[in-house]
Structures are given as C-alpha cells and as structure tokens.
Amino acid sequence: MRVSSQDVTVMALLADPDAPTQIAQRVARMLPARLAGTSGRGRRFDVEVVSEPFTAGTEDLPTLTRRIVERRSAENGDVVVALTDLPLRAHGRKLVMDLSHEHGLALLSLPSLGSLRLRRRALRAVEEAVLSLAGPRATEAGEPSQHQPLGRFTGRLAPVHPGPIGEEETADVRYVVTGPRGYLRVLGGMVRANRPWRLVPGLSKALAAALATGAVATVNSTVWSLAASLSTPRLVIATVGSVAIMISWLIIDAELWHRSAEGSPEARKRAALYNASTIATVGIGVLVCYVGLMVINWVWALFILNDRVFASMTRTPLHAEEYLTLAWFVASVATVGGALGSGLESDEAIRAAACSKREQERRRMLQDDHDE
C-alpha cells in the first residue's frame, strides 16, 4: 500500500477469506466514488482489499484488535477496516462495530448486519466508519469533522446503539445490538454466512436415497390408500416429523452440535447461538430438499399413475387433489429415507455444506483443544 499524500486517504479492507473477502471486494469497487462524493474537498480515497484470516483461532476482541493494529502498521496507510463473518461479543452484548480513532481502525462483525441487504449495509457501514476515522484530518484542515458512524443503514428493525467500552480497550466508539430483535438479526446473519442452500448439493447420497424411496412409494398401492385417507392436519404432522427426523439425524451424525468446554454464562450463550444457527441452517436446507422432493414426486405421479387402477385400489377418483396429497405424503416418506441415506455421506462433507469456512475452522480448533 502506498503512503498517503495530503489529498489522498489510503485505506485497507482487511477481510477474512471466503464471504467477507467477496463482500470487501464489492465494497472496494464502489467505495472510492461514494467517499469522494460524500467527503467533498477534492479528497481521493484509495482502497485495497487484503484477504487474511485475522480471526484464526480466536474470538477475543483485544487479540483481534492487536492483529488489526499490526496490519495497519505494516500497510502504512491511514485507515484499516476489518470484516469478519464471526459473531463477536463485547461485555455480554453482540458487537456490530468497534472504532479506534487513535489507531485509525474499525472492526465490523458482518452477522450483526442481518441477513437482508447485507452487501448494501456493509457498504454503508464501511463508508461511515471511514468518514468517521478520516474526520480528524478534516478538523486539522480547519473544517468540521464528519463523525457520523452507523447512521444510514440502521432503522426500526435494526436496533444498533452505542455500547460500553472498558478503560483499557483500544476502541473509543462501539456499536452493539441487544434484545430479541438484535438476537434474531445476528442469528439471521450467521445463517446467511453458513449459506444453507449449499446443503442441497452437499447431500447427494441422501437425496439419491430419498428419490429412490419416493419413486417406489409412488407406485405402491398401500401408500395410495394411506395418502387418500390422511387429513390435512395429519399430512402436516407427517411433514414436521419427517423434517425433524432429517434435521436431527444430520446434526447428530455429523456432530454439528456445539458443546462448550467452559461453564461460564457467556460461553453457554455463545454455544446456544451457534446451535440455533446450526438448526436454522440445516432446517432451511432440509426444507428446500423437501419441497424439491414434493415437486419431483408430483411430476412422477402425473406420468406413472393410472386413474382406473388408482380408483379401484382406493375407491377415490384420481383428481388434482389426489395427485397433490400423494406427492405430499410421499415427500415425507422419502425424507425419512433420505435421513437414512445421509449416513452414507462423510461427516466432513456435511460440515462443509452446513457451515461457513470461519465456522469450520472454529469447530476444528475446538476439536483440537478437546483432543489435547
């Protein structure tokens, strides 16, 4: 990175690998023009993305801050903004952003921005952090400082507010989220970081078993009779039960459940948050698979069933409602078959499909500590 001149603010976006780096690269393309237009005075902003696992092996804020300070000294720039997809906590509160005007650095926890419009919110958060950190230069030039961090990307459903800072901490401004809405916001951000849609191709063997089960069940006259006799509440119960079995089996078999080695309340809360994100991630992936199975079974039933044979076995005419009911019931049966088939998947494949790269590294670190 180049040393800044009087009219150029040089900054680095220090990002964890994978999703944070992708977001940082997108932010870097749009940020210079936005900053130049907002700050005025003819100032230019040079932005560089540095992809580096600065959170490797720790979630401790002082340690992370020290690493960012070291990176800023190495880069010899004006501002460093660090982005991570790990949920961070400070004094029992979920951290959104730490800023240190003395050191010219900011630390942004992406899950605290929520799951919706993440890239836009990240862009606005980084923009306002940079304007705040670069403000002292404007003050030295005799102009008012633009200290307006975390304003435009917050709202009624985004309860971001200042948080407490310890006397020996590097940060001088901190923003956190609290309460149920803040918890749901962080949880949604963690689920997005895990990218639950990746679970579908990651369960190829389980899906093959489910499809085979569904194909056989669709042409089974006993299944026809059961489907025709089931009421909507019972079909819903079958759906909930089969999905719950699949979720439970995947979490247990792949050892996705987080158990904290510490007994402190903070550790228990952290473990509960990680487990909630695991359940939500796996649940979304399984529901997507369930809907896909239902559609495939419906198409298969349209192709293979004969209305006269069906009516002779069930004493019910084969109409659109019967096709839908059969596909619905068979999807539940096939999901249970898929749960059994998921045992053929390797644990590593399921973890890779259900967890973000940061989360996988965190789990490996915890497992290594437990083994030692």
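Residues numbered from 1 in each chain as written. Predicted model: local features only at pLDDT ≥ 70, side-chain atom pairs only at ≥ 80, totals over all residues. Heavy atoms only, no water.

With an unreviewed UniProt entry as reference, the protein is termed 5,10-methylene-tetrahydrofolate dehydrogenase, source organism Streptomyces minutiscleroticus.

(A) Up close: the overall build of the protein. For the protein, the helix and strand inventory stands at 14 helices and 8 strands. Taken over 372 residues, the protein has a buried fraction of 49%. Long-range contacts, defined as pairs at least 24 residues apart, comprise 77% of the intrachain contacts of the protein with a sequence gap of at least 6. Put simply, the protein shows about 17600 Å² of open surface, and 57% of that area lies on carbon and sulfur atoms. (Helix = DSSP H or I, 4+ residues; strand = E, 2+ residues; numbered from the N terminus. Buried < 20%, exposed > 50% of the residue type's maximum accessible area, 1.4 Å probe, protein only. Contact = heavy atoms within 4.5 Å. Areas by Shrake-Rupley, 256 points an atom, 1.4 Å probe, with all protein chains shown as cover.)

(B) The arrangement of the pairing of strand β3 (residues 79-84) in detail. Burial analysis of β3 places 6 of its 6 residues in the buried class, which makes it a mostly covered element. Both faces of β3 are covered, namely the face carrying V79, V81 and L83 and the face carrying V80, A82 and T84. The sheet contact formed by β3 and strand β6 (residues 105-109) spans 5 bridges and is parallel. Bridging across to β6, V81 finds its partner in A106. (Pairing = 2+ DSSP bridges.)

(C) Spotlight on the nonpolar core. In terms of nonpolar packing, the biggest core is built from 54 residues, with M11, L13, V81, L107, L108 and V126 touching the most fellow members. No other element matches helix α3 (residues 118-133), which puts 9 residues into this core. With residues near it in sequence (within four places) discarded, V126 still touches M11, L13, V27, L31, V81 and L108. Of all hydrophobic cores here, the second largest spans 32 residues; its members include A217, Y290, L305 and V330. (Core = buried A, V, L, I, M, F, W, Y, C linked by side-chain atoms within 4.5 Å.)

(D) Spotlight on the pattern of salt bridges. Following the criterion strictly, the structure yields 5 salt bridges and no others. A salt bridge links R71 to E52; the nearest nitrogen and oxygen atoms lie 2.1 Å apart. Linking R71 in helix α2 (residues 61-75) with E52 in the loop between β2 (44-51) and α2, this pair joins segments that are 19 residues apart in sequence. Owing to a relative accessible area of 25%, E52 belongs among the partly exposed residues under this scheme. (Salt bridge = Lys/Arg side-chain N within 4 Å of Asp/Glu carboxyl O.)

(E) Highlighting the UniProt feature "transmembrane region" (unreviewed entry) in the protein. When the UniProt feature table is mapped onto this chain, "transmembrane region" (unreviewed entry) is found at residues 206-227, 233-252 and 273-303. Between the first and last C-alpha atoms of residues 206-227 the distance is 23 Å; the span itself is 91% helix and 0% strand. Strand forms 0% of residues 273-303 and helix 100%; the C-alpha atoms that close the span are 45 Å apart. (UniProt positions renumbered as here; feature names shortened; annotations may be inferred.)

(F) Summary view of unusual backbone geometry. Despite not being glycine, D18 has its phi angle at roughly 75 degrees, a positive value. Structurally, D18 is set in the loop between β1 (8-15) and α1 (19-39). In this structure D18 comes out as buried when scored by relative accessible area, which is 18%. One non-glycine residue with positive phi stands out, namely R315, at about 60 degrees.

(G) Fine view of the packing of helix α8 (residues 221-229) against helix α12 (residues 320-341). Closest axis-to-axis distance for the α8/α12 pair is 9 Å, and the angle between their directions is 110 degrees. It follows from the interaxial angle that α8 and α12 lie roughly perpendicular. Side by side, α8 and α12 meet where V223, W224, L226 and A227 of the first sit next to T325, L326, F329 and V330 of the second. Looking at the contact of α8 with α12 residue by residue, the class counts come to 7 nonpolar, 1 polar and no charged. (Axes fitted to C-alpha atoms, helices over the stretch in contact; angles between N-to-C directions. Parallel < 35°, antiparallel > 145°, perpendicular 65-115°, else oblique. Nonpolar A, V, L, I, M, F, W, Y, C, P; charged D, E, K, R; others polar.)

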